[in-house]
Amino acid sequence: MSTMFADTLLIVFISVCTALLAEGITWVLVYRTDKYKRLKAEVEKQSKKLEKKKETITESAGRQQKKKIERQEEKLKNNNRDLSMVRMKSMFAIGFCFTALMGMFNSIFDGRVVAKLPFIPLSYIQGLSHRNLLGEDYTDCSFIFLYILCTMSIRQAALCESLPCWFAEPQALAVVDGGFWNL
């Protein structure tokens, strides 16, 4: 087995392990807490209530009815914001861990070609895909590029799809105007 192939498999394994670590940290710091569970239940309850009110409202509804809906939407937005704040501590912990791990892995794989790409990356991606590698062969792949691709793929495809009961985002976050980020 060639060194490049072994490095590629090692990076995929590292990506799986770090993705599982990130989800574990998130579960410990967020998803198992009573505050998160309470806020999630409240958001789901409020969004169902809001949907029912919006279905029953007619175009000739009075100002009172519209004001009630606006207050309900505001409550839902506030709870979504609180839910995001609960998740924030997990994001900081994961960021700290990954920064430390990234420094260690960068020093291990520095200057080593870990894979050959079947294409030449776009010019603005070449700095990442060819990072710390000698030569002008832009089909050579650096650790950081392969690691990022693997981690993104694993976290999105495998973990988020196969473990929805543990790690799924609340569906109600997208109910009001596209969620928290559109406030």
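I will try to describe carefully the structure that is included in this document. (Residues numbered from 1 in each chain as written. Predicted model: local features only at pLDDT ≥ 70, side-chain atom pairs only at ≥ 80, totals over all residues. Heavy atoms only, no water.)

**Here we look at the pattern of salt bridges**
Working step 1: Using the criterion set out here, one finds five salt bridges in the structure.
Working step 2: D82 serves as the salt-bridge partner of R81, at 3.6 Å between the closest nitrogen and oxygen.
Working step 3: Among the residues examined, D82 registers a relative accessible area of 30% and is labelled partly exposed.
Working step 4: A cluster of three or more residues bridged by salt bridges with shared partners is formed by K116, D137 and D140. (Salt bridge = Lys/Arg side-chain N within 4 Å of Asp/Glu carboxyl O. Buried < 20%, exposed > 50% of the residue type's maximum accessible area, 1.4 Å probe, protein only.)

**Remarks on the packing of helix α2 (residues 34-56) against helix α3 (residues 63-109)**
Working step 1: Viewed as axis vectors pointing N to C, α2 and α3 meet at an angle of 155°, and their least axial separation amounts to 9 Å. The angle between α2 and α3 places the two elements in the roughly antiparallel class. In this structure, α2 crosses over α3, and the sense of that crossing is left-handed. Between α2 and α3, the contacting residues are K35, Y36, L39, K40, E42, V43, Q46, S47, K49, L50, K53 and K54 on the first element and K68, I69, Q72, E73, K75, L76, N79, N80, D82, L83, V86 and R87 on the second.
Working step 2: Looking at the contact of α2 with α3 residue by residue, the class counts come to eight nonpolar, five polar and 11 charged. (Axes fitted to C-alpha atoms, helices over the stretch in contact; angles between N-to-C directions. Helix = DSSP H or I, 4+ residues; strand = E, 2+ residues; numbered from the N terminus. Parallel < 35°, antiparallel > 145°, perpendicular 65-115°, else oblique. Left-handed = near helix turned anticlockwise from the far one by under 90°. Contact = heavy atoms within 4.5 Å. Nonpolar A, V, L, I, M, F, W, Y, C, P; charged D, E, K, R; others polar.)

**Brief notes about α2**
Working step 1: Over its 23 residues, α2 runs 33 Å from end to end, which matches the ideal 33 Å to within 8%, given 1.5 Å per residue.
Working step 2: Tucked into the core, α2 has its buried residues touching α1 (3-31) and α3. (Expected span 1.5 Å × (residues − 1).)

**Observations regarding the nonpolar core**
Working step 1: In terms of nonpolar packing, the biggest core is built from 21 residues, with I11, F109, C141, F143, L146 and Y147 touching the most fellow members.
Working step 2: Excluding residues within four positions of it along the chain, L146 makes contact with T8, I11, V114, A115 and C141.
Working step 3: Among the nonpolar cores identified, the runner-up in size contains 10 residues, and V30, Y31, V43 and L83 belong to it. (Core = buried A, V, L, I, M, F, W, Y, C linked by side-chain atoms within 4.5 Å.)

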